[in-house]
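Overview (structure and organization)
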Amino acid sequence: MAAISDTPKDATSKGDADKDTKLILIAEDDPFISRMYQIKLESAGFRVIVKNNGRDAFEAVRSEHPSLTVLDINMPELSGLEVLAALQTDGFDFTSMPVIVLTNSSELSDRNKAYSFGAEYLVKAELTPREVLNMINAKLDIDQPDDKSASDAAA
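Described in the following lines is the structure provided in the data block. The residue count restarts for each chain, going from 1 along the sequence in the order it is written. This being a predicted model, a pLDDT of at least 70 is required before a residue's local features are given, and a value of 80 or more before pairs of side-chain atoms are given or counted; all residues contribute to the totals for chains, interfaces and linings. As a rule here, side-chain values come from all non-hydrogen atoms in the structure, and water together with hydrogens is ignored.

For Phe, Tyr and Trp, rings pair up if their centres lie within 6.5 Å, where Trp contributes its six-membered ring, and each pair is then called stacked (planes under 30 degrees apart), edge-to-face (over 60) or tilted (otherwise). This model, assessed by the stated rule, comprises two aromatic pairs. Taking the centre distance of 5.2 Å and the plane angle of 80° together, the rings of Phe92 and Phe94 count as edge-to-face. Three exposure classes are used, based on accessible area relative to the maximum for each residue type with a 1.4 Å probe and protein chains only: buried under 20%, partly exposed in between, and exposed over 50%. Residue class for Phe92 comes out partly exposed when judged on its relative accessible area of 21%. Geometrically, the ring pair formed by Phe94 and Phe117 is tilted, given 5.7 Å between the ring centres and 50° between the ring planes. Pair noted here: Phe94 is in the loop between helix H4 (80-89) and strand E4 (99-103) and Phe117 is in the loop between helix H5 (108-116) and strand E5 (120-123), with a separation of 23 residues, a long-range link. Residue Phe94 is classed as buried on the basis of its relative accessible area, which comes to 18%. Given a relative accessible area of 14%, Phe117 falls into the buried group. In textbook terms, an aromatic cluster arises when at least three aromatic residues are bridged by ring pairs, as seen for Phe92, Phe94 and Phe117. In this text, helices come from DSSP runs of H or I with a minimum length of four residues, and strands from runs of E with a minimum of two, each type numbered from the N-terminal end.

Put into structure tokens, the structure is as follows:
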């Protein structure tokens, strides 16, 4: 399993000020996975809320207005794809919030449905938490420190 430790919150790097204002919603019913990503994102400077079912995720998007949402597909109450469909029915503007579908499913039909909402589709087994964090930073247009700067800061 990939390590989830990251640069401490008090370490300064370009983009940290941007992250402090960014709220990430993680919608994941597996407590281990949601906690792992919560720790990873908080240690990178983001504010994080976690919901463990699709209905709560839908409500959180509407009430909390996260900067980005990470959705699992297979969740109780509403699947991640049903959350996206409900948001669309509700008139949600997907251009205002990037969505990353992070799932175990490699089904082409699931991928195509996610893409139809403008969501990024990632398969959990194919990525490390660091790679997911990098994708989140890219989606939020946050500068990431290069590897040399990060290793120099650690020295």
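The subject of this paragraph is helix H2 (residues 31-43). The first and last C-alpha atoms of H2 sit 18 Å apart over 13 residues, in line with the 18 Å expected at 1.5 Å per residue. By the burial criterion, the buried members of H2 are Ile33, Ser34, Met36, Tyr37, Gln38, Lys40, Leu41 and Ser43. Looking at the packing, one finds that the buried side of H2 touches strand E1 (23-27), strand E2 (47-51), E4 and helix H6 (129-139). With a side-chain oxygen lying 2.8 Å from the backbone nitrogen of Phe32, the N-terminal cap of H2 falls on Asp30. Looking one or two places after H2, you find Gly45, whose phi comes out positive at around 105°. To estimate how far a helix should extend, the number of its residues minus one is multiplied by 1.5 Å. In what follows, a contact means two residues having at least one pair of non-hydrogen atoms within 4.5 Å. Two N or O atoms count as a polar contact when they lie within 3.5 Å, although within protein this holds only if one can serve as hydrogen donor and the other as acceptor, and sequence-adjacent residues are included solely when both atoms are side-chain atoms.

Strand pairing is assigned whenever DSSP detects at least two bridges linking the two strands. Read across the sheet, five strands follow the order E2-E1-E3-E4-E5 without closing on themselves; strand pairing throughout is parallel. Looking at which strands have only one partner, the edges of the open sheet turn out to be E2 and E5. The average undirected angle you get between the axes of adjacent strands in this sheet is 20°. On the sheet, H6 packs against E1, strand E3 (68-71), E4 and E5 and is oriented at approximately 165° with respect to E4. Lines fitted to the C-alpha atoms define the axes, with helices restricted to the stretch that makes contact. Angles between their N-to-C directions range from 0 to 180 degrees.

Bringing the nonpolar core into the picture now. Here, nonpolar core means buried Ala, Val, Leu, Ile, Met, Phe, Trp, Tyr and Cys residues that are tied together by side-chain atoms lying within 4.5 Å of each other. Membership of the largest hydrophobic core comes to 23 residues, with the highest contact counts inside it found for Leu71, Leu84, Val99 and Val101. Elements supplying a minimum of two residues to this core: E1, helix H3 (54-64), H4, E4 and E5. Each residue touching Val99, except ones within four places of it in the same chain, is listed here: Thr69, Leu71, Leu84, Phe94, Ala119 and Glu120. Formed by 19 residues, the second largest nonpolar core is a distinct cluster that contains Phe46, Val70, Leu102 and Leu133.

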